Amino acid sequence: MRWSDFPKWGKWAADWAANYHATLRDRPVRAQTKPGEIAAQLPASPPDAPQPIEDILADFERIVMPGMTHWQHPRFFAYFPSNASPAAVLADNLIAATSAQCMLWQTSPAATEMETRMMDWLRQALGLPQGFHGVIQDSASSATLAAVLTMRERALNWDGNKSGLPSQKPLRIYASAEVHTSIDRAIWIAGIGEANLVRIPTTGPLRSMDPVALKAAIEADRAAGLLPAGLIACTGGTGTGACDDIAAVLDVAEEFNLYTHVDAAWAGSAMICPEFRDLWQGVDRADSVVLNPHKWLGTQFDLSAHFVRSPEDLTRTLAIQPEYLKTHGADGIINYSEWSVPLGRRFRALKLWFLLRAYGLDGLRNMIRNHVTWSQALAEKFRAHPDFEIVTDPVLSLFTFRFAPQGADNLDDLNLSLVNALNNDGRIYITQTRTDGKLVIRFQAGQFDATEDDIATAYDVITEIAASL
Ligand SMILES: *Cc1c(COP(=O)(O)O)cnc(C)c1O
């Protein structure tokens, strides 16, 4: 296939995509394949001779599509959304066609300058103050790793990268048990060690880190000759949407000069609606904040927004300049590869530009408000049903519940059977989590094209299948 063939097949792909989205509701949300079924249809070795694109596309439909779980399905209620909007997908097509490697300003000035402007648009949309500077990371996991490395370097007076950690006092990082596993992995990779990730107990309905316990833990560590380095708080934890009281925990962190990072990977997108900002009140004082427009907003994976108050701390940790990366004669420019762990970077900001212009903040706010309203209404329907109980109240559009008919024992097994039966049925997709030792069902609504009717269907399907167990 040559570029001269591209118009024909590009049009085919555009038609295919529109048709795919138009018929999504007819497909089972979660792939209904067994392990190994797809691999068995793929030859063990690559072809020597070129094959016609017609054959490849036919196999794509025949072999690949049955093995897809449809993340853009309007009745995908599992995990968190991973929304693609048509405008951002269009931008991604243009990005792929140009495929620039945007590591330095001079390797595509438009990408760098667009990124600076788009991150500032997003900052304003979220109500973050002017002192924050944004960079697009590939994932929240990468942003958190960059923040943990910055915590480490700052606490070690910028000597960790140079001398390594063996001669240093053990560093200590504080977080609750509600934070995402990307935090554990960042601590592993940064060489700090899981034993030095101190879990602070939580209190209250939002499961916030207890600031009194936090302070006591830091003081005990100091007295023991350890080195408190940073705090990681969450707004909208993955399991049940836990939210730390950011203002209260930052008060403690500031007293001990800790570097602070807020993980709002999912919930952060909702902060374009001013009425939800109470959930992260105090965030303007954090050193680092991450949220994923690739989750709820519609810039499809990957586009993670990382805001920091001191880009100098970040680049002091991550920048490295061999001669081949120097951009002589370009003063006052930003090289975003110095703000992240990977060197190479795609032109992701274009997706945000297309998204924000095509839907406007009003369109996106409206989408998020609908998801929250519809989810909360669904939670109330389950609360009113005698055979169901709400386990954790909605945080935005996320809540957990259980099927608990009178006299039933072993509710963990019963609810796991319900989850499996629902996902085998295929009309909706939902997942489980564990909270306070109990297996519970997790519901979130957040798909770009979901309607009130899709959420109502979830109630009908769940009550119907539960009654049949
Ligand atoms: C999804 C999620 C992450 C991980 O996001 P990636 O972009 O996939 O790395 C981290 N933290 C929270 C709270 C999340 O919901």
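Values in this document were obtained by computation on a predicted structure and should not be read as measured data. (Residues numbered from 1 in each chain as written. Predicted model: local features only at pLDDT ≥ 70, side-chain atom pairs only at ≥ 80, totals over all residues. Heavy atoms only, no water.)

Novice: Would you mind going over the overall build of the protein with me for this structure?
Specialist: Broken down by element type, the protein carries 13 helices and 13 strands. For the protein, the proportion of its 469 residues judged to be buried stands at 52%. Long-range pairs, those at least 24 residues apart, make up 73% of the contacts in the protein with a sequence separation of at least 6. Element-wise, carbon and sulfur atoms account for 53% of the exposed surface of the protein, whose accessible area totals about 21,200 Å². Between the mean site of the 41 positive side-chain charges and the mean site of the 54 negative ones, the protein shows a separation of 2 Å. (Helix = DSSP H or I, 4+ residues; strand = E, 2+ residues; numbered from the N terminus. Buried < 20%, exposed > 50% of the residue type's maximum accessible area, 1.4 Å probe, protein only. Contact = heavy atoms within 4.5 Å. Areas by Shrake-Rupley, 256 points an atom, 1.4 Å probe, with all protein chains shown as cover. Lys, Arg positive; Asp, Glu negative; His and termini not counted. Charge placed at Lys NZ, Arg CZ, Asp CG, Glu CD.)

Novice: What's the story with the UniProt feature "modified residue: N6-(pyridoxal phosphate)lysine" (unreviewed entry) in the protein in this structure? I'm lost.
Specialist: Those residues carrying the UniProt feature "modified residue: N6-(pyridoxal phosphate)lysine" (unreviewed entry) are K295 in this numbering. Of note, K295 is situated in the loop between β8 (288-291) and β9 (304-308). (UniProt positions renumbered as here; feature names shortened; annotations may be inferred.)

Novice: Help me understand helix α7 (residues 181-189), please; the structure alone is not making it clear to me.
Specialist: Residues that lie three or four places apart on an α-helix share one face, since the helix turns once every 3.6 residues. Along α7, the residues that are buried comprise S182, I183, D184, A186 and I187. One or two positions beyond α7, positive phi appears at G191, with a value near 80 degrees.

Novice: Any chance you could explain the site of the ligand here in plain terms?
Specialist: The environment of the ligand is made up of 13 residues, and the closest members are A140, S141, D263, N292 and K295. Contact between the ligand and D263: a nitrogen atom at 2.7 Å from a side-chain N or O atom of the residue. Contacts to the ligand include N292, whose side-chain N or O atom sits 3.0 Å from an oxygen atom. A total of 390 Å² of accessible area belongs to the ligand in isolation, and the protein chains cover 88% of it. Residues that form the shell around the ligand fall into these classes: three nonpolar, eight polar and two charged. (Near = heavy atom within 4 Å. Polar contact = N/O pair within 3.5 Å; in protein donor to acceptor, adjacent residues only side chain to side chain. Nonpolar A, V, L, I, M, F, W, Y, C, P; charged D, E, K, R; others polar.)

Novice: Quick question: what am I supposed to make of helix α12 (residues 411-425) here?
Specialist: Taking 1.5 Å of rise per residue, the 15 residues of α12 would be expected to cover 21 Å, and the 21 Å separating its terminal C-alpha atoms lies within 8% of that figure. Within α12, the full set of buried residues consists of L411, L414, N415, L418, V419, L422 and N423. For α12, the angular spread of buried residues about the axis comes to 165 degrees, placing them on one side. Packing partners of the buried residues in α12 comprise β10 (388-395), β11 (398-403), β12 (431-435), β13 (438-444) and α13 (452-468). Downstream of α12 by a residue or two, G426 has a phi angle that is positive, lying close to 90 degrees. (Expected span 1.5 Å × (residues − 1). Arc of directions from axis to C-beta.)

Novice: How should I be thinking about the pairing of strand β1 (residues 133-137) in this particular structure?
Specialist: Each regular strand shows side chains that alternate between the opposite faces of the sheet. The element β1 is extensively covered by neighbouring structure, given that four of its five residues are classed as buried. Relative to β9, β1 runs antiparallel, the two being bridged by five bridges. Along β9, the bridge assignment pairs G134 with F307. (Pairing = 2+ DSSP bridges.)

Novice: Any chance you could explain unusual backbone geometry here in plain terms?
Specialist: Note: most peptide bonds trans; most residues except glycine with negative phi. Of note, the bond from F301 into D302 is cis; its omega dihedral lies within 30 degrees of zero at 10 degrees. Tracing the chain through its elements places D302 in the loop between β8 and β9. Even without glycine at this site, L396 takes up a positive phi of about 55 degrees. Topologically, L396 is positioned in the loop between β10 and β11.

Novice: It is not clear to me how the pattern of salt bridges should be interpreted in this structure. Could you clarify?
Specialist: Opposite charge on two side chains permits them to pair, given that their charged atoms come into close proximity. If you walk through the whole model with that rule in mind, you get 27 salt bridges. The salt bridge involving R345 is made with E115; its shortest N-O contact spans 2.8 Å. With R345 in the loop between α10 (311-318) and α11 (349-384) and E115 in helix α4 (residues 109-126), this pair connects stretches of sequence that are 230 residues apart. Comparing R345 with E115 shows no difference in burial state: the two are buried. Note that K215 and E255 form a salt bridge whose closest N and O atoms lie 3.2 Å from each other. (Salt bridge = Lys/Arg side-chain N within 4 Å of Asp/Glu carboxyl O.)

Novice: It is not clear to me how the sheet that holds β8 should be interpreted in this structure. Could you clarify?
Specialist: Backbone hydrogen bonds are what pair the strands of a sheet, in a parallel or an antiparallel way. Ordered in space as β1-β9-β8-β7-β6-β2-β3, the seven strands form an open sheet in which the pairing is mixed. Each edge of the sheet is formed by a strand with only one pairing partner; in this case those strands are β1 and β3 (197-199). Within this sheet the neighbouring strands show an average axis-to-axis angle of 25 degrees, counted without direction. Judged from the four bridges that link them, strand β2 (residues 171-175) and strand β6 (residues 227-234) form a sheet pairing that is parallel. Paired with Y174 across the two strands is L231, which belongs to β6. Its contacts with the sheet place α7 against β2, β3, β6 and β7 (259-263), and it is angled at close to 145 degrees to β3. (Axes fitted to C-alpha atoms, helices over the stretch in contact; angles between N-to-C directions.)

Novice: Looking at this structure, I do not really get the packing of aromatic side chains. What am I missing?
Specialist: How two aromatic rings sit relative to each other is given by the distance of their centres and the angle of their planes. Enumeration according to the criterion identifies 20 aromatic pairs in this entry. Judged by centre distance (4.9 Å) and plane angle (50 degrees), the ring pair of F382 and F388 falls under tilted. The exposure class of F382 is buried, given its relative accessible area of 0%. Accessibility expressed as a relative area gives 6% for F388, which makes it buried. Put simply, the rings of F77, F382, F388, F399, F401, F403, F443 and Y459 touch in pairs and so form one group of aromatic residues. It is R357 that lies over the ring of W353; its NZ or CZ is 4.8 Å from the centre. Above the face of the F80 ring, R442 is positioned so that its terminal group lies 4.8 Å from the ring centre. (Phe/Tyr/Trp six-rings, centres within 6.5 Å; stacked < 30°, edge-to-face > 60°. Lys NZ or Arg CZ within 6 Å of the ring centre and 35° of its normal.)

Novice: For this particular structure, what's the right way to read the environment of G134?
Specialist: By secondary structure assignment, the location of G134 is in strand β1. For the pair G134 and Y259, spaced 125 residues apart in sequence, the C-alpha to C-alpha distance is 17 Å. What G134 contacts, discounting residues up to four positions off in sequence, is M119, H306, F307, Y336 and W339.

Novice: Sorry, what's going on with the packing of helix α8 (residues 211-223) against helix α9 (residues 246-255) here?
Specialist: The description of two helices packed together rests on the angle between their axes and the distance between the axes. Following both chains from N to C, one finds α8 and α9 inclined at 20 degrees, their axes separated by 9 Å at the closest point. Taken as axis vectors, α8 and α9 run roughly parallel relative to one another. Of the two elements, α8 crosses α9, and the hand of that crossing is right-handed. Contact residues: α8 offers P211, L214, K215 and I218, while α9 offers A248, V249, V252 and E255. Of the residues contributing to the contact of α8 with α9, the split by class is six nonpolar, no polar and two charged. (Parallel < 35°, antiparallel > 145°, perpendicular 65-115°, else oblique. Left-handed = near helix turned anticlockwise from the far one by under 90°.)

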